[in-house]
Amino acid sequence: MDMLSDAGVNSCTTTEDVIAFRDKRKAELQSLERERKAVDNRRRRLTDPEEKQKNSAERSAITQKMTNVRREMNLADDILSDSIRLAKGIAAEKACEERLVPDRTKQKNKEQER
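Source: prediction; values computed, not measured.

**Quick word on the overall build of the protein**
Of the regular secondary structure elements, the protein holds three helices and zero strands. If you list the helices and strands of the protein from N to C, you get α-α-α. Taking all contacts inside the protein whose residues are at least 6 apart in sequence as the whole, residues at least 24 apart take part in 52%. Looking at the protein as shown, the accessible area adds up to about 8,800 Å², and 50% of this sits on carbon and sulfur atoms.

**Details of the nonpolar core**
Core analysis: the biggest nonpolar cluster contains seven residues, these being Leu 29, Leu 32, Val 39, Ile 62, Met 66, Val 69 and Met 73. Of all the elements in the fold, those that place two or more residues in this core are helix H2 (15-45) and helix H3 (49-113). The dominant element in this core, judged by the number of residues it contributes, is H3, at four residues. Not counting chain neighbours up to four residues away, the residues in contact with Met 66 comprise Leu 29, Leu 32, Glu 33 and Arg 36. Counting five residues, the second largest nonpolar core, distinct from the first, contains Cys 12, Val 18, Ala 76 and Leu 80.

**Description of the side chain of Asn 55**
Here Asn 55 is to be found in helix H3. Setting aside residues no more than four positions away along its own chain, Asn 55 makes contact with Val 39, Arg 42, Arg 43 and Leu 46.

**As for the pattern of salt bridges**
Evaluated as defined, the whole model comprises seven salt bridges. A salt bridge links Asp 77 to Arg 22, with the nearest nitrogen and oxygen atoms 2.3 Å apart. Here Arg 22 lies in helix H2 and Asp 77 lies in helix H3, a separation of 55 residues in the sequence. For Arg 43, the salt bridge identified is with Asp 40, shortest N-O distance 2.4 Å. Here Asp 40 and Arg 43 lie together in helix H2, a separation of three residues that amounts to about one turn. For Asp 40, a relative accessible area of 13% puts it in the buried group. Each of Arg 25, Glu 28 and Glu 72 takes part in salt bridges that share partners, so that together they form one network.

**Focus: the confidence of the model for the protein**
Low pLDDT means the predicted coordinates in that region are not meant to be read closely. Put simply, the protein has an average pLDDT of 82, and 80% of its residues get 70 or more. Within the protein, the element-level pLDDT minimum falls on helix H1 (residues 3-6), averaging 42, and the maximum on H2, averaging 92. Note on residues 1-6: pLDDT is under 50 here. Beyond four places in sequence and across chains, it has 13 contacts.

About the thresholds
Numbering of residues starts from 1 in every chain and runs along the sequence as written. Two thresholds apply to this predicted model, a pLDDT of at least 70 for residue-level local features and 80 or more for giving and counting side-chain atom pairs, whereas whole-chain, interface and lining totals are computed over all residues. Where side-chain values are given, they derive from all heavy atoms of the structure, hydrogens and water being excluded. Secondary structure counts use DSSP, requiring at least four H or I residues in a row for a helix and at least two E residues in a row for a strand, with both numbered from the N terminus. Contacts are assigned to residue pairs that have any heavy atoms within 4.5 Å of one another. For the area figures, the Shrake-Rupley method with a 1.4 Å probe applies, and any residue is considered shielded solely by the protein chains shown. Note on terminology: a nonpolar core comprises buried Ala, Val, Leu, Ile, Met, Phe, Trp, Tyr and Cys residues joined through side-chain atoms within 4.5 Å. To sort residues, take the accessible area from a 1.4 Å probe on protein chains only and compare it with the maximum for the residue type: under 20% means buried, over 50% means exposed, and anything in between is partly exposed. Only one rule defines a salt bridge in this text: a Lys or Arg side-chain nitrogen within 4 Å of an Asp or Glu carboxyl oxygen. pLDDT is defined as a per-residue confidence score from the predictor, taking values between 0 and 100.

Here you go:
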């Protein structure tokens, strides 16, 4: 099994892993939507109350799975947005340090000349 199948978004270590996880969950959600629609169409056509009850329970189970998949997708989206924000912050901090480093070396050179 691959890393994304059962471990969840917490096992992702790179942005690419998170994107792959999200894409996989999106495909799973589409599959569940098709499955739920088929069950719903069957349930509406049934006349036997017992069979309708079974199909309703099956539909509810699929809906619960869909809810969990959506939560995982939202978590992956949040992780992606946070990683972008953090990357921008790190880049800004690095740029700021690079601007200060030449000033520090100039000061050290002046102090050494004295």
